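Read off the chains here:
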Amino acid sequence: MATVQICEAEKVYIMHGVRDDLRIDGRACDDYRHMEVETDVVSNTDGSARVKMGDTDILVGIKAEMGRPRPLIPDEGYLEFFVDCSANATPEFEGRGGEELGSEISSTLYKMFQNRSSLDLRALCIVPREHCWVLYVDVLLLQCDGNLLDATSIAVKAALFSTRIPKVHVSEDDEGGKELEISDDPYDCMRLQVEDVPCIVTLSKIGHRHVVDATLQEAACSMASLIIAVTHKGNVTCVRKVGGGSLDPESIFEMTETGKRVGKALHAPLMKLLQEEEVLGKRRQKVGFLG
Amino acid sequence: MAGLELLSDQGYRLDGRKPSELRKVQARMGIFTRADGSAYIEQGNTKALAVVYGPHEVRGSRSKTLHDRAVINCQYSMATFSTAERKRRPHGDRKSSEMSLHLKQTFEAAILTQLYPRSQIDIYVKILQSDGGNYSACVNAATLAVIDAGIPIRDYVCACSAGFVEDTPLVDLCHAEETGSGTAVALALLPRGGQIALLQMDARLHQDHLDPVMEAAMTACRSLGQVLDGVVRQHLQEVSILTGE
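Residue positions are counted from 1 within each chain, in the order its sequence is given. Chains carry letters and ligands carry numbers; both start at the beginning, A for chains and 1 for ligands, and go up in the order they are written. Given that this is a predicted model, residues contribute local features only at a pLDDT of at least 70 and side-chain atom pairs are listed and counted only at 80 or more, while totals for whole chains, interfaces and linings are drawn from all residues. In computing side-chain values, all of the structure's heavy atoms are included and hydrogens and water are not.

**Let's talk about the sheet that holds strand E2 (residues 37-43) of chain B**
Residues and elements named next belong to chain B.
Piece 1. Strand order in the open sheet formed by 5 strands is E1-E2-E3-E5-E4, with mixed pairing between adjacent strands. Each edge of the open sheet is held by one strand with a lone partner, namely strand E1 (25-29) and strand E4 (71-78). Ignoring which end each strand starts from, the neighbouring axes of this sheet average 15 degrees apart.
Piece 2. Should DSSP find at least two bridges between two strands, the strands are taken to pair. Runs of E in the DSSP output that reach at least two residues are strands. Runs of H or I that reach at least four are helices, and both are numbered from the N terminus. Both strand E3 (residues 46-57) and strand E5 (residues 119-129) contribute to a ladder of 9 bridges, which runs antiparallel. If you follow Val51 over to E5, its bridge partner there is Tyr124.
Piece 3. By definition, residues are in contact when any of their heavy atoms lie within 4.5 Å. Where helices are involved, their axes are fitted lines through C-alpha atoms of the stretch in contact, as for all axes, and angles between N-to-C directions lie from 0 to 180°. Against the sheet, helix H4 (residues 207-243) touches E1 and E2, its axis set at about 35 degrees to E1.

**Here we look at the UniProt feature "domain: Exoribonuclease phosphorolytic" (unreviewed entry) in chain B**
Residues and elements named next belong to chain B.
Piece 1. Under the local residue numbering, the UniProt record ascribes the feature "domain: Exoribonuclease phosphorolytic" (unreviewed entry) to residues 21-152 and 155-219.
Piece 2. Between the C-alpha atoms that bound residues 21-152 the distance is 31 Å, and the span itself is 24% helix and 33% strand.
Piece 3. Within residues 155-219, the helical portion is 31% and the strand portion 38%, while the C-alpha atoms at the span's ends are 16 Å from each other. UniProt positions are given in the numbering used here, feature names are shortened, and annotations may be inferred rather than shown by experiment.

**Some points on the interface of chain A and chain B**
Piece 1. With 34 residues of chain A at the interface, the matching set in chain B holds 33 residues.
Piece 2. Summed over both partners, the accessible surface that disappears when two parts come together, traced with a 1.4 Å probe, is what is meant by buried area. Considering only the side of chain A, the residues that lose the most area to chain B are Asn88(A), Phe289(A) and Leu290(A), jointly responsible for 24% of the buried surface there.
Piece 3. Salt bridges are defined as contacts in which a side-chain nitrogen from Lys or Arg sits within 4 Å of a carboxyl oxygen from Asp or Glu. Where chain A touches chain B, the interface holds 4 salt bridges.
Piece 4. In protein, a polar contact requires one atom able to donate a hydrogen and another able to accept it; more generally it is a pair of N or O atoms within 3.5 Å, and residues adjacent in sequence count only if both atoms are side-chain atoms. Our count for the contact surface shared by chain A and chain B stands at 19 residue pairs in polar contact (both at pLDDT 80 or more).
Piece 5. Put simply, the parts of the chain that give the side of chain A that touches chain B at least two residues each are strand E3 (56-67), strand E4 (78-85) and strand E6 (131-143) of chain A.

**Brief notes about the packing of aromatic side chains**
Residues and elements named next belong to chain A.
Piece 1. Pairing of aromatic rings covers Phe, Tyr and the six-membered ring of Trp, with a centre-to-centre limit of 6.5 Å; geometry is then stacked below 30 degrees between planes, edge-to-face above 60, and tilted otherwise. According to the stated counting rule, one finds 4 aromatic pairs over all chains in the structure shown.
Piece 2. Here the aromatic residues Phe81, Tyr110 and Phe113 are joined through ring pairs into a cluster of three or more.
Piece 3. For a Lys NZ or an Arg CZ to count as sitting over a ring, it must be within 6 Å of the ring centre and within 35 degrees of the ring normal. In this arrangement the basic side chain of Arg70 is found over the ring face of Tyr78, its NZ or CZ atom lying 3.9 Å from the centre.
Piece 4. Just above the ring of Phe161 sits the side chain of Arg191; from NZ or CZ to the centre is 5.4 Å.

**Let's talk about the UniProt feature "domain: Exoribonuclease phosphorolytic" (unreviewed entry) in chain A**
Piece 1. Residues annotated in UniProt with the feature "domain: Exoribonuclease phosphorolytic" (unreviewed entry) correspond here to residues 32-166 and 196-261 of chain A.
Piece 2. For residues 196-261 of chain A, the helix share is 29%, the strand share is 38%, and the end-to-end C-alpha distance is 16 Å.

**Some remarks on helix H1 (residues 8-19) of chain A**
Residues and elements named next belong to chain A.
Piece 1. Take the residue count of a helix, subtract one, and multiply by 1.5 Å to get its expected span. Here H1 is 12 residues long and its end C-alpha atoms lie 16 Å apart, about the 16 Å a rise of 1.5 Å per residue gives.
Piece 2. Listed in full, the buried residues belonging to H1 are Ile14, Gly17 and Val18. On an axial view of H1, the arc spanned by its buried residues comes to 100 degrees, and they lie on one face. Exposed and oriented more than 90 degrees from the buried face of H1 are Glu8, Ala9 and Arg19.
Piece 3. Here the buried face of H1 lies against strand E11 (199-206), strand E12 (209-212) and helix H4 (216-221).
Piece 4. At the exit of H1 stands Asp21, carrying a positive phi of roughly 60 degrees. In this scheme, a residue with accessible area under 20% of its type's maximum is buried, one over 50% is exposed, and one in between is partly exposed, where area comes from a 1.4 Å probe on protein chains only. The directions from the helix axis to the C-beta atoms are what the arc is built from.

**Quick notes on the sheet that holds strand E9 (residues 195-201) of chain B**
Whether parallel or antiparallel, the strands of a sheet pair through hydrogen bonds between backbone atoms.
Residues and elements named next belong to chain B.
Piece 1. With antiparallel pairing, 4 strands are arranged side by side in an open sheet as E7-E6-E8-E9. The open sheet has two free edges, formed respectively by strand E7 (168-171) and E9, since each of these has just one partner strand. Across the sheet, the axes of successive neighbouring strands diverge by a mean angle of 25 degrees, strand direction being ignored.
Piece 2. Direction of pairing for strand E6 (residues 158-165) relative to E7: antiparallel, over a ladder of 4 bridges. Considered in E7, the bridge of Ala162 is made with Val171.

**Remarks on the side chain of Ser106(A)**
Piece 1. With respect to the element layout, Ser106(A) can be found in helix H2 (residues 99-112).
Piece 2. For Ser106(A), the residues in contact, after removing those within four places along its chain, are Phe81(A) and Val83(A).

**Focus on the layout of surface pockets**
All names here are of chain A.
Piece 1. In this model, the largest pocket occupies a volume close to 1,000 Å³.
Piece 2. Each cavity reported here is a set of points on a 1 Å grid over the protein atoms alone in which a 1.4 Å probe fits but cannot get out, each pocket an open set with protein on both sides within 12 Å along at least five of seven lines, and each lining residue one with an atom within 4 Å of a point. Lining of the largest pocket is provided by 34 residues; of these, Asp40, Arg164, Lys282, Arg284 and Lys286 occupy positions nearest its centre.
Piece 3. Nonpolar residues are Ala, Val, Leu, Ile, Met, Phe, Trp, Tyr, Cys and Pro. Charged residues are Asp, Glu, Lys and Arg, and all others, Gly as well, are polar. Looking at the lining of the largest pocket residue by residue, the class counts come to 14 nonpolar, 7 polar and 13 charged. Grid points are joined across faces, edges and corners, and a volume is the space filled by probe spheres set on the points.

**Here's the deal with the pairing of strand E8 (residues 168-172) of chain A**
Residues and elements named next belong to chain A.
Piece 1. Note: E8 against strand E9 (residues 178-182), 5 bridges, orientation antiparallel. By the bridge assignment for E9, Glu172 is matched with Lys178.
Piece 2. Counted between consecutive antiparallel strands, the loop separating E8 from E9 contains 5 residues, among which Gly176 sits at a positive phi close to 85 degrees.

**Quick word on a negative patch on the surface**
Residues and elements named next belong to chain A.
Piece 1. Taken together, the side chains of Glu172, Asp173, Asp174, Glu175, Glu179, Glu181, Asp184 and Asp185 present a region of like negative charge at the surface.
Piece 2. Along the chain, the position of Asp184 falls in the loop between E9 and strand E10 (189-191).
Piece 3. Residue Asp184 is classed as exposed on the basis of its relative accessible area, which comes to 74%. For patch building, the residue pool is restricted to those with more than 30% relative accessible area and no salt bridge; the joining distance is 9 Å between like charges and 5 Å between nonpolar side chains (Val, Leu, Ile, Met, Phe, Trp, Tyr). Areas reported here follow the Shrake-Rupley algorithm with a probe of radius 1.4 Å; residue values treat only the protein chains shown as occluding. By the counting scheme adopted, Arg and Lys are positive, Glu and Asp are negative, and His together with the chain ends is not counted. To locate a charge, the coordinates of NZ of Lys, CZ of Arg, CG of Asp or CD of Glu are taken.

**Thoughts on the packing of helix H2 (residues 134-148) of chain B against H4(B)**
Residues and elements named next belong to chain B.
Piece 1. As a packed pair, H2 and H4 sit with axes 11 Å apart at the nearest point and diverge in direction by 35 degrees. Judged by the sense of rotation from one axis to the other, the crossing of H2 with H4 is right-handed. The residues of H4 that touch H2, namely those facing Asn140, Leu144, Ile147 and Asp148, are Leu224, Leu228, Val231, Val232 and His235.
Piece 2. In terms of residue class, the contact of H2 with H4 is built from 6 nonpolar, 2 polar and 1 charged. Handedness of a helix crossing follows the sense of rotation of the near helix relative to the far helix, less than a right angle counterclockwise being left-handed and clockwise being right-handed.

**Structural notes on unusual backbone geometry**
Piece 1. Residue Pro55(B) is reached from Gly54(B) by a cis peptide bond, and omega for that bond is 0 degrees.
Piece 2. In this structure, Asp21(A) is a non-glycine residue whose phi angle is positive, near 60 degrees.
Piece 3. Inspection of the secondary structure puts Asp21(A) in the loop between H1 and strand E1 (35-39).
Piece 4. Asp21(A) sits in the partly exposed class, given a relative accessible area of 32%.

**Quick notes on the state of the cysteines**
Piece 1. Disulfide: a pair of cysteine sulfur atoms within 2.5 Å of each other. Enumeration over the complete set of coordinates arrives at 0 disulfides over all chains.
Piece 2. Counting only cysteine sulfurs, Cys238(A) is the nearest neighbor of Cys199(A), a cysteine outside any disulfide, at a range of 13 Å.
Piece 3. The class of Cys199(A) is buried, set by a relative accessible area of 0%.
Piece 4. The cysteine Cys74(B) is free of any disulfide, with Cys138(B) supplying the nearest cysteine sulfur at 10.0 Å.
Piece 5. In this structure Cys74(B) comes out as buried when scored by relative accessible area, which is 10%.

This is the structure we're talking about:
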């Protein structure tokens, strides 16, 4: 796990700051750090996004491939998540070191999308029972400075927004066999409805209060956190408690309320930014890693 | 390759370059604050990230420790979405292990490892987008990252690939040329002394042709060296303005 070790005095300093609603970088308890979002950063994917939140840096690439629908849900496509904790982020992730954290994040992402309201997967179906689109959502951690889940969920939402899936024309021949023809016109494509895709808000309990978007130092002071996936309407799609400590029911209730409020407020600026980028289209100056 | 003309009669390549022309190179140093050194490079559509940690104490088993110099530890990986066909694993396959080994050998030749006995230097490279010349992009990015980390190095390590099509050596191959031409030579050069840090050729090539191909690759490496030098100088200028020196 990407963690830092801090001494007792630093912990006390951070906890006293949180008690007075003034954190070490000057934020209040329910403030996010400065965030940068850019879409279409990797040109050989169908959709991609990079999110920088403080020193946390995440790149998401989405590739659409054709596959068979799952037998239990024959009229839907599906998403496959993979989180690559690369050694770039921290040397601890070298070799197989990052796999544990990677599977933890990807399982949270699976849970977050495991309901019909998050994303309409029926749009990914081509021929029921036979063909559908499988979206491989690959998350790459480039730098870790706490709050990986929130940044990942925002990057996934942005990447899904920018995903363009080529349209498929199905024609039937005389014997009832189906022929698929994938359109090779880059503008003849399908977009996903990402309005309802939730974003994760991680709330870390520090002392008697809780903070959102904890940095690594703050995470080191927190015994337990609550992960809440919230949609733009304020619906909660997933709640999980993580970390070694325990939480009492009352604080879970408080944290859920804060999570809902903060999460709801997160969506509007994100969608606005994505739509602005969309409007600029080709005229947009791509920054990428060179900016 | 049938159907794909790698070099037209007029002497232009698939993407309109001349045989000895490089792709556009753009690079930036110091993109990550948490690492000791980092760099990003774009060579045409090939994009690579390199991060350097160290020199630090040897991690893991102490038996790796060398008493007269530093251990260089490299890991090459490719983002799962970097290639046209999605990769299942970012690293750990045979090709990546081989690349890691090549990188290690290259940088052992370049870094002044004897200055840091009993320590370790980690170099991690990641291909974000692959369009031929992955090895060279990685080496060039790693050079910049090593410089950014402030680790003493003999010279810039510049790498470039070269191929041979219709009696003409081509430099800086793109993906289509790499797969289509058959021969691909990867060469890493320390330009100042003209020392070759790594030379690798996978397919067969007539011995008479090897010299011109290597010569072309070395010329390309020298020009790349100038580009990298420019990037480093510009970075230093920006940093010194920021720190007010």
